[in-house]
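One-letter residues, chain by chain:
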Amino acid sequence: MAAPKLAGPAVTPPPPLSRGPRRSVLFFAFAFAVIADPVSSVAYAIEAALHALHGDLALLLPTMALVVGLVVVVTANYWQLVRRFPKGGGAAAAAGKAFGAKWTFLPIGALVVDFVLTIGISIAAAASAVIALFPGLAPIRIPLALVLLVVVAGLTWFGHGGRLLFAAMTVVFVFAAVTVVVLGFAAPHAVGTAPARTDPGRSAVLAVVMAFPVAMALATGVEAPSTAIAQLGQLDDTHRRRFGRGTLALLLVIVGGLTLALTALSVKLHIGLPGADSTQIADIAHAAVGPGWLYSTFQLTSSLLLLAAASSSFQAGPGLLKALAGSAERPGVLPVILGRTNRHHTPYWSVVVYLAAAAVIIVAAAGQEQELVLFYAVSVFVSFLVGLLAMARFARSERKPALAAVNALAAAAVAFTLVVNLLRGWPVLSLVATVLIGGGLFVRWVRAGSPSGIEDIERQAETG
């Protein structure tokens, strides 16, 4: 008897998209909306590295250069994934095809945790950006973050209509950040007083090696293009590959360029660890351009970009639960109630699940995004590791030893990053949550008769 098929949405593909301006507009909307998450990570990843370095500015640029280098490696893996899975699927599809359906649940569990953490850290960072602009709001940091959380969750009710707005927010933030960088290098408003070295006797190499895994939160969101291309049903496989790879290239240029530029500016202007009611990126902008409309624009656009990143996960996370839940006619792995949608196709009970989970971690972290960075850099790296191992196996089976060696080396670097962050203590909770969620979904999948199609669950979530 054949295994039942996991419920997937019955989607009628739209007519092919014509060449010319329409396709360019589609790429703009798709690419800049998808990269909102990784671009927003710039707002807290550099500060996370500086905390891990105990304020040692002299080592900040080497640390972030190492981080960007590893982001390049991870991006290269997803470049391969887009080539192999042009209809979408990401690490879950790769794991299922390479190791069998049961291994799909590890990256799925990691994704569920990652979406919750993305929402929590993005909302907390957005609140911090607002407080840096309006310090009088500092006493209500947690209520402010929770209000922003509820607002973003509420907007999710209206479905995916905000994608073009996300793209616009990303573009505006990039322009504001570039302006800050240019003016900061050319004619800075002020120079800070942070010392270059805080502990000259410490081994620089060891300090960098131990600090860079913390800032690998910068890599979160790199996986998004490989799954989001499933939304592009109006394109054929060739053009979906081009869109996916073009988005990955754009992501790498913008995220890597902004990260290194803002890091170098921080070192040049001696901007160290921020005060309790500010952020490092806010202090960098303030020193570069001074108080005024440009600084306010930078802070507001960074806050809106962070809210856009949270909103994106508020769509992707519940969409994943909806795909796992199936429907009344074709039940899936999770209770059918999680798949119920409104007229905008929003699975509202799944949104409530993510809202509650994100609220808990925001309160637990006292609304401080830096308290969540370590947890964030664990869950998504589980997915990265599985994807890299899968691609290494594909390369070996296709007798491409050079590519297999590159993927294996990248997997070793990702594994090292994961282990270092786990050794810091509390972040192990992210791994525990990933394993428990993945294991629980596996058990329910087996009890449901091991329905086929679980490898394509990310694609189903996107097309749904």
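Residues numbered from 1 in each chain as written. Predicted model: local features only at pLDDT ≥ 70, side-chain atom pairs only at ≥ 80, totals over all residues. Heavy atoms only, no water.

Focus on the packing of aromatic side chains
Aromatic ring pairs are reported here in terms of the distance separating the ring centres and the angle at which the planes meet.
Next, step 1: Scanning all chains against the criterion turns up 13 aromatic pairs.
Next, step 2: Judged by centre distance (6.3 Å) and plane angle (50°), the rings of Phe30 and Phe243 are tilted. You can see Phe30 sitting in helix H1 (residues 21–34) and its partner Phe243 sitting in helix H11 (residues 237–268), a full 213 residues away along the chain. Summarising the burial analysis for this pair, Phe30 and Phe243 share the class buried.
Next, step 3: By the ring-pair criterion, three or more aromatic residues cluster together here, those being Phe27, Phe30 and Phe243.
Next, step 4: Above the ring of Phe394, the side-chain terminus of Arg84 is found at 4.1 Å from the ring centroid. (Phe/Tyr/Trp six-rings, centres within 6.5 Å; stacked < 30°, edge-to-face > 60°. Helix = DSSP H or I, 4+ residues; strand = E, 2+ residues; numbered from the N terminus. Buried < 20%, exposed > 50% of the residue type's maximum accessible area, 1.4 Å probe, protein only. Lys NZ or Arg CZ within 6 Å of the ring centre and 35° of its normal.)

Section: helix H17 (residues 428–447)
Next, step 1: Over its 20 residues, H17 extends 29 Å from the first C-alpha to the last, a length consistent with the 28 Å expected when each residue adds 1.5 Å.
Next, step 2: Regarding H17, the residues found buried are Ser430, Thr434, Gly438, Leu441 and Trp445. The buried residues of H17 occupy an angular sector of 65° when the element is viewed end-on, so they sit on one face. Exposed residues on H17 whose side chains face more than 90 degrees from its buried face are Leu436 and Arg447.
Next, step 3: Where H17 terminates, the next one or two residues include Gly449, which has phi positive at roughly 95°. (Expected span 1.5 Å × (residues − 1). Arc of directions from axis to C-beta.)

Observations regarding the pattern of salt bridges
Next, step 1: Scanning all chains against the criterion turns up 4 salt bridges.
Next, step 2: Shared partners join several salt bridges into a network, and the residues in it are Arg84, Glu398 and Lys400. (Salt bridge = Lys/Arg side-chain N within 4 Å of Asp/Glu carboxyl O.)

As for helix H13 (residues 293–325)
Next, step 1: Helix length check: H13 (33 residues) gives 47 Å between terminal C-alpha atoms against 48 Å at 1.5 Å per residue, within 8%.
Next, step 2: In terms of burial, H13 is largely enclosed, as 26 of its 33 residues are buried.

Observations concerning the packing of helix H5 (residues 90–99) against helix H15 (residues 373–397)
Next, step 1: Orientation of H5 relative to H15, taken along the N-to-C sense of each, is 45°, at an axis distance of 8 Å. Our classification of the angle between H5 and H15 gives oblique. In this structure, H5 meets H15 at a crossing whose hand is left-handed. Residues Ala91, Ala94, Ala95, Lys97, Ala98 and Phe99 of H5 lie in contact with H15, whose contacting residues are Ser383, Val386, Gly387, Leu389, Ala390, Arg393 and Phe394.
Next, step 2: The residue inventory of the contact of H5 with H15, partitioned by class, reads 9 nonpolar, 2 polar and 2 charged. (Axes fitted to C-alpha atoms, helices over the stretch in contact; angles between N-to-C directions. Parallel < 35°, antiparallel > 145°, perpendicular 65-115°, else oblique. Left-handed = near helix turned anticlockwise from the far one by under 90°. Contact = heavy atoms within 4.5 Å. Nonpolar A, V, L, I, M, F, W, Y, C, P; charged D, E, K, R; others polar.)

Comments concerning the environment of Val446
Next, step 1: Tracing the backbone shows Val446 in helix H17.
Next, step 2: Considered as a pair, Val446 and Lys102 are 344 residues apart in the sequence and their alpha carbons are 9.3 Å apart.

What to know about the environment of Arg202
Next, step 1: By secondary structure assignment, the location of Arg202 is in the loop between helix H8 (163–186) and helix H9 (204–211).
Next, step 2: The partly exposed category is assigned to Arg202, whose relative accessible area is 22%.
Next, step 3: Setting aside chain neighbours within four positions, we find Arg202 in contact with Leu53, His54, Asp56, Arg197 and Ala207.

Comments concerning a nonpolar patch on the surface
Next, step 1: Judged by side-chain polarity, Val147, Val151, Leu155, Trp157 and Phe158 come together as a nonpolar surface patch covering roughly 510 Å² of accessible area.
Next, step 2: If you trace the backbone, Leu155 turns up in helix H7 (residues 141–155). (Patch = residues over 30% accessible without salt bridge, like charges linked within 9 Å, V, L, I, M, F, W, Y side chains within 5 Å. Areas by Shrake-Rupley, 256 points an atom, 1.4 Å probe, with all protein chains shown as cover.)

What about the side chain of Asn407?
Next, step 1: Locating Asn407 in the fold gives a position in helix H16 (residues 401–422).
Next, step 2: Using a relative accessible area of 2% as the deciding quantity, one classes Asn407 as buried.
Next, step 3: Discounting residues that sit within four places of it in the chain, Asn407 has contacts with Asn77, Gln80, Leu388, Met391, Ala392 and Ala395.

Things to note about the confidence of the model for the protein chain
Next, step 1: Mean pLDDT over the protein chain stands at 86; residues scoring 70 or higher make up 93%.
Next, step 2: Per-element averaging of pLDDT across the protein chain places helix H18 (residues 457–463) at the bottom with 76 and helix H12 (residues 280–289) at the top with 95.
Next, step 3: Throughout residues 9–16 the model reports pLDDT below 50, and contacts reaching past four residues in sequence, or to other chains, amount to 10 contacts. (pLDDT = per-residue confidence, 0-100.)

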